[in-house]
Amino acid sequence: MKTILVTGATAGFGAAFARRFVKDGHRVIATGRRVERLQELAQELGPAALPLALDMTDAKAVDGFVASLPEGWRQIDVLINNAGLALGLGPAWESDLSDWDRMIATNVSGLVHLTRAVLPQMVARNDGLIINLGSVAGDYPYPGGHVYGATKAFVLQFSLNLRADLAGLNVRVTNIEPGMVTGSEFSKVRFAGDESKAEAVYAGTKSLTPEDIAETAGWLVGLPPHVNINRIEMMPTCQASGPFTVKRG
Ligand code: NDP
Ligand code: 8X3
């Protein structure tokens with residue numbers, strides 16, 4: 001049984017990870033800002049889930065989070081850096097700077113701070129796994145992706161660079177890079193609560209689901225300690241990368 005810290009467990013992938021890991025016999029520390037959602041999840045999952053409020057943009061709370069855990073929960077075997085968001089899909093020059101700042105604060109600074117808080121104990125034990133949620137948006141550019149894609153490119157390079165430092169240790173780091181995933185709040189958040197815009201993203205597709213991503217994470221957790229999967233790029237079969245854009249005059 002492992003103790004798995006999941007950020008962003010109030011919706012989407014994070015809730016699916018929590019359900020999957022508890023089903024697999026692990027314990028989950030489920031975090032996020034919407035406490036009532038965490039409590040509902042904990043009621044569903046029983047004593048194997050510890051629901052705790054954590055805002056990834058609150059650097060002080062993130063830095064002190066591991067030390068603040070109840071006794072018996074401070075050894076983190078697996079960290080899932082999942083909390084994240086995209087805000088807006090308009091052109092860069094029309095984007096709201098505060099949206100850009102919030103994406104950077106959540107997807108980059110929050111992830112970096114929590115990783116820094118958890119890494120020393122993993123190194124000391126010579127054991128641990130960090131799974132970061134990147135995105136195909138960090139691998140390929142698309143119009144309106146600007147800062148969101150750049151935060152995910154950061155997450156990819158941070159993941160690979162962590163392994164460069166960790167070479168020789170059984171502390172594993174994997175960057176999961178999904179494409180279209182329906183069944184989460186991602187697009188609703190991106191379009192500021194506009195449900196019809198969010199639904200249109202997945203209309204007529206059989207997109208990936210949060211459970212598909214949780215299946216991948218469950219497989220990673222079960223691998224032997226000497227096996228590191230550096231990165232996993234995954235898309236539904238209805239999606240593929242396209243050609244370069246050429247605008248002709
Ligand atoms: P959801 O919007 O469904 O879930 C996002 C989670 O992040 C929520 O639990 C939310 O919790 C949490 N979160 C957001 N901001 C903060 C914050 N400041 N502090 C703490 N938690 C926060 O999205 P998904 O499940 O789809 O996305 C999960 C991850 O996967 C993200 O990093 C996303 O970028 C990435 N991803 C998503 C894809 C998709 O198509 N869905 C594809 C590729 C990657 P709360 O609001 O309660 O704090
Ligand atoms: C989410 C996938 O393509 O909407 O990261 O950016 S995409």
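The environment of ligand 1 is made up of 28 residues, and the closest members are Thr10, Arg33, Met56, Tyr148 and Ser184. Residue valine 181 places a main-chain N or O atom 3.3 Å away from an oxygen atom belonging to ligand 1. Residue phenylalanine 186 places a main-chain N or O atom 3.4 Å away from an oxygen atom belonging to ligand 1. For ligand 1, whose accessible area on its own is 880 Å², the fraction buried by protein is 96%. Only helix 1 (12-23) and helix 5 (146-166) provide two or more residues apiece to the shell around ligand 1. Of the residues contributing to the shell around ligand 1, the split by class is 11 nonpolar, 12 polar and 5 charged.

The subject of this paragraph is the side chain of threonine 115. On the secondary structure map, threonine 115 appears in helix 4 (residues 97-125). The class of threonine 115 is buried, set by a relative accessible area of 0%. Within the local environment of threonine 115, its side chain forms a polar contact with the side chain of asparagine 81, the two groups lying 3.0 Å apart. Not counting chain neighbours up to four residues away, the residues in contact with threonine 115 comprise Leu79, Asn81, Ile130, Phe158 and Leu162.

So, how was this worked out
- Position numbers for residues start from 1 in each chain and track the written sequence from start to end.
- Whichever chain is written first is A, and whichever ligand is written first is 1; the rest continue in order.
- Only residues with pLDDT of at least 70 get local features here, since the model is predicted, and only at 80 or more are side-chain atom pairs given and counted; chain-wide, interface and lining totals rely on the full set of residues.
- Processing note: side-chain calculations cover all non-hydrogen atoms of the structure and skip hydrogens and water entirely.
- Here a residue counts as near a molecule or strand whenever at least one of its heavy atoms sits within 4 Å of it.
- For the purposes of these results, a polar contact is taken to be a pair of N or O atoms within 3.5 Å, where, inside protein, one atom must be able to donate a hydrogen and its partner to accept one; residues adjacent in sequence count only when each atom of the pair is a side-chain atom.
- Each accessible area is a Shrake-Rupley estimate made with a 1.4 Å probe; only the visible protein chains count as cover when residues are assessed.
- Per the convention used, a helix needs a DSSP run of H or I reaching at least four residues, while a strand needs a run of E reaching at least two, with both numbered from the N terminus.
- For this classification, Asp, Glu, Lys and Arg are treated as charged, while Ala, Val, Leu, Ile, Met, Phe, Trp, Tyr, Cys and Pro are nonpolar and the rest, including Gly, are polar.
- Relative accessibility thresholds used throughout: buried, under 20% of the residue-type maximum; exposed, over 50%; partly exposed, between the two (1.4 Å probe, protein chains only).
- Every residue pair with non-hydrogen atoms within 4.5 Å of one another is taken to be in contact.

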